[in-house]
Every structure is written in C-alpha cells, then in structure tokens.
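Notes for the structure review
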Amino acid sequence: MAIRQAAVVAATMSVLSVVPVAAAGAQPASRAHFSSFDQRLLYDINHQRSLDDLASLTLSAPLQSLAVSWANQEAAEQRLYDNPHLRAAINQNCPSWKAVGEVAGRAGNADADALFKTYMNNPAEHQTLLSRSYTQVGLWSVAVNEDGSVVQYNAIDLARGC
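First things first, this report covers the structure right here in the doc. (Residues numbered from 1 in each chain as written. Predicted model: local features only at pLDDT ≥ 70, side-chain atom pairs only at ≥ 80, totals over all residues. Heavy atoms only, no water.)

Things to note about the pairing of strand β4 (residues 136–146)
Among the 11 residues of β4, nine are classified as buried, and the element is accordingly described as predominantly covered. Alignment of strand β2 (residues 58–59) against β4, held across two bridges, turns out to be parallel. Looking at β4, one finds that Leu 59 is bridged to Val 137. Across 11 bridges, the pairing between β4 and strand β5 (residues 149–160) is antiparallel. Counted as the bridge partner of Leu 139 is Ile 156 from β5. (Buried < 20%, exposed > 50% of the residue type's maximum accessible area, 1.4 Å probe, protein only. Helix = DSSP H or I, 4+ residues; strand = E, 2+ residues; numbered from the N terminus. Pairing = 2+ DSSP bridges.)

Here it is in structure tokens:
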C-alpha cells in the first residue's frame, strides 16, 4: 500500500530545564492493547535497532500515556504537529528523564511497515528512532476516516530515565 501523505515531523530534544505544568491525563495502554498496526510499528523499530546493534526500546507507561493523548489529539483535529507541551508533560510524568524525543506521523491508507519506511527515509526521524540516547518508548496510532480513506495519526515518545 502506498502512503497517501507522508507528512512526518520530529522533535528531538536533549536535556532541558523546564518548569513542570499539568500534562494530559490519558490512561496508559499495555502492549496487549496495542493495535496490530502499533505492534508491527514497534517491531519494525526494535528490529532496525537490533540490526544497528542498539538495544530494543522498552515500553514506558508514562510515555505511553503521552503518546495516546497526543495521537488522539492529532486525530481529533485531523492535523499533524509536534506536541507543544511535550517538555512540560515529560517533566511532570518523568521527573528524572535524561533525554527525550518525539516523532509524529500521518499516513493515509498505509500499513505500519510503510510508515516505518517513511520514518527511516526522513533523516530527523531516522536519527530520533535509532538514537542511543533513548531506551524507553510510548507509541500510539489512531485511525480516522478522512474523505473516505483511512488515515493513521501516530505519536512516538522516546526517553531515557522515565
């Protein structure tokens, strides 16, 4: 399947000092609650990390909550953009974090493998997803119908020390 629109944005941040503020309160989802799309996307990411001699990312409940909240926000607005409150939310949910990054994507009529390939073909997303700085992940995708086509809004939050 082809990606109808491969608008992909990444925000990669290093250690920052930000005053914490309230974060979105979405409930974390376990791997068992992942859609098959998200299960495959996490597999693709960790498989590529293993090929690059990097440790697999492990699921983090606080990061998962943030990803669920953000993917739902993007899908509700049918708009792809970086979470402007990510740093504040990370500070509140993971006060001991050492590194944090975000990848957000939108893929129409695409499977997880196609979205992963889009991420790998974008230098910023490639660098973020395959960074040694990150050991933990939260990811979520929301499928919505836009003009008769299924579109996946995806959020991936990464950190170390969360």
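A few points about the packing of aromatic side chains
For the structure on display, the rule yields two aromatic pairs. Between the aromatic rings of Phe 34 and Trp 140, the centroid separation amounts to 6.1 Å while the plane-to-plane angle is 70°, which identifies the pairing as edge-to-face. You can see Phe 34 sitting in the loop between β1 (7–13) and α1 (36–51) and its partner Trp 140 sitting in strand β4, a full 106 residues away along the chain. For Phe 34, a relative accessible area of 5% puts it in the buried group. (Phe/Tyr/Trp six-rings, centres within 6.5 Å; stacked < 30°, edge-to-face > 60°.)

None of the figures reported here should be taken as evidence of function without further support.
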